[in-house]
Amino acid sequence: MRLKTYYPLPKFPPISLSGAACKLHCAHCDATYLGGMLPAETPEALVDRCRALRQSGAIGALLSGGSDTDGTLLNLAAMTDAIRQAKRETGLIFNLHPGLIDAATAQKLAGAVDFASLDIPSDDVIQRVLGLDATTAGYIVAYCTLRAAGIDVVPHVTVYNGDEAELLEPVAATGDAPHTIVVIVFSPTRGTPMADVPAPRPEAVANVVAGVKALFPAAEISLGCMRPRSRPLREAIELAALRAGVARMELPSQKTLRYAREAGYEIATFDACCALPEAYEPMAVRAKT
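Predicted, not measured: the structure shown is a model, and the values here were computed from it.

**As for the nonpolar core**
Working step 1: Formed by 80 residues in total, the largest nonpolar core has its most connected members in I15, L46, I83, L96 and V212.
Working step 2: In this structure I83 touches L46, L63, L76, F94, L109, A112 and V113, once residues within four positions along its chain are discounted.
Working step 3: I59, I93, A275 and L276 belong to the second largest nonpolar core, which has 16 residues in total.

See the structure below:
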């Protein structure tokens, strides 16, 4: 009966290593969300950006950006030395959103990246939504590659139909279970090819949360920031996820917080993204007022 809540801004902002550039232009995003990230397209810009964030009181950052045509994070290979320098100089907590990653790049980032947020999509989504010539198995390989490099990995699964928990069965089969899994929810986005596709129902979200919890009973399940934001669907999704067993939630609505308090939940608040490992919680916990 404890709910951890997360507020990334302003202390844990997203940085785009590719600025506004993306070579995939996936049907669900079409580079829309890159506009909300801080651009850092060169090694020098990244180090300067991280220095400024540290001086402003930030504790960490998400390192993300657009994708290359092979599903890798644009500019990541060219940024490994800069990421290591930024880590050394600032001590910021780095959450990497790498996409498909090779062993050499993962090894170069070991010790500089604190954890990685890795999407595990279905074959259908990879081909129809992302437009990639890849498979779910390739993302499982990426999970194992990151873990072999000693990088903590938080799998992310996106709800479309309500049966997506099964995508994590190969992760469970590795015997290297994650401490946290993030469930995000497809959100129709204006101006994208999937703008008119209906959002999943709350019941579908609950099914995925329950299925993930069954696969990883010791893990904390989080409802991530990427989900429909229009009321009342937002509130219904949050409450369904909470009742199904999430222990973490990014940017919960006031209605969800009221429900949780009335239901007896102890609520903890963190200035970070919801994939944050427990070891870093003391750096991110918000003092009670």
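**Quick word on helix α2 (residues 76–90)**
Working step 1: The principal kink in α2, of about 30°, is found at A82.
Working step 2: Along α2, the residues classified as buried are L76, M79, T80, A82, I83, A86, K87 and T90.
Working step 3: Buried residues along α2 sit against α1 (43–55), β4 (60–64), β5 (93–96) and α3 (103–109).
Working step 4: Phi turns positive one or two residues past the end of α2, at G91, with a value near 70°.

**Concerning a positive patch on the surface**
Working step 1: Taken together, the side chains of R243, K255, R258 and R261 present a region of like positive charge at the surface.
Working step 2: Looking at the positive patch, the element that brings in the most residues is helix α9 (residues 254–262), giving three residues.
Working step 3: With respect to the helices and strands, the residue R258 is situated in helix α9.

**Some details on the pattern of salt bridges**
Working step 1: Per the stated rule, a full pass over the model turns up 16 salt bridges.
Working step 2: As a salt-bridge pair, E266 and R2 come within 3.6 Å of each other at their nearest N and O atoms. Taken together, the residues span a long stretch of sequence, with E266 in strand β11 (residues 266–270) and R2 in strand β1 (residues 2–6) at a distance of 264 residues.
Working step 3: Its salt-bridge partner being R147, residue D176 comes within 2.8 Å of it at the nearest N-O pair. Highlighted residues: D176 in the loop between α6 (169–173) and β8 (180–185) and R147 in helix α5 (residues 136–148), separated in sequence by 29 residues.
Working step 4: Taken together, the salt bridges that share partners define one network made up of K4, E220, R248, E278 and E281.

**Section: the packing of helix α7 (residues 202–215) against helix α8 (residues 233–244)**
Working step 1: At their nearest, the axes of α7 and α8 sit 8 Å apart, and the two run at 25° to each other. Considering their axes alone, α7 and α8 lie roughly parallel with respect to each other. Like other packed secondary-structure pairs, α7 and α8 cross with a definite hand, here right-handed. Residues P202, V205, A206, V209 and A210 of α7 lie in contact with α8, whose contacting residues are L233, A236, I237, A240, A241 and A244.
Working step 2: Considering only residue class, the contact of α7 with α8 consists of 11 nonpolar, no polar and no charged.

**Section: the sheet that holds strand β6 (residues 115–119)**
As a general point, the strands of a sheet are linked pairwise by backbone hydrogen bonds and lie either parallel or antiparallel.
Working step 1: Strand order in the open sheet formed by 11 strands is β3-β2-β4-β5-β6-β7-β8-β9-β10-β1-β11, and the pairing between neighbours is parallel. The open sheet terminates on both sides in strands that have one partner only, identified here as β3 (38–39) and β11.
Working step 2: In terms of strand pairing, strand β7 (residues 152–159) meets β8 through four bridges, oriented parallel. Opposite V159, over in β8, you have V185 as the bridge partner.
Working step 3: Along the sheet face, α1 touches β2 (14–16), β3, β4 and β5 and points at about 165° away from the line of β2.
Working step 4: Strands in contact with α9 are β1, β10 (248–250) and β11; relative to β11, the strand with the most contacts, it is inclined by about 140°.

Analysis parameters
- Residues numbered from 1 in each chain as written.
- Predicted model: local features only at pLDDT ≥ 70, side-chain atom pairs only at ≥ 80, totals over all residues.
- Heavy atoms only, no water.
- Core = buried A, V, L, I, M, F, W, Y, C linked by side-chain atoms within 4.5 Å.
- Buried < 20%, exposed > 50% of the residue type's maximum accessible area, 1.4 Å probe, protein only.
- Contact = heavy atoms within 4.5 Å.
- Bend = angle between axes of the 7 residues up to and from the residue.
- Helix = DSSP H or I, 4+ residues; strand = E, 2+ residues; numbered from the N terminus.
- Patch = residues over 30% accessible without salt bridge, like charges linked within 9 Å, V, L, I, M, F, W, Y side chains within 5 Å.
- Areas by Shrake-Rupley, 256 points an atom, 1.4 Å probe, with all protein chains shown as cover.
- Salt bridge = Lys/Arg side-chain N within 4 Å of Asp/Glu carboxyl O.
- Lys, Arg positive; Asp, Glu negative; His and termini not counted.
- Charge placed at Lys NZ, Arg CZ, Asp CG, Glu CD.
- Axes fitted to C-alpha atoms, helices over the stretch in contact; angles between N-to-C directions.
- Parallel < 35°, antiparallel > 145°, perpendicular 65-115°, else oblique.
- Left-handed = near helix turned anticlockwise from the far one by under 90°.
- Nonpolar A, V, L, I, M, F, W, Y, C, P; charged D, E, K, R; others polar.
- Pairing = 2+ DSSP bridges.

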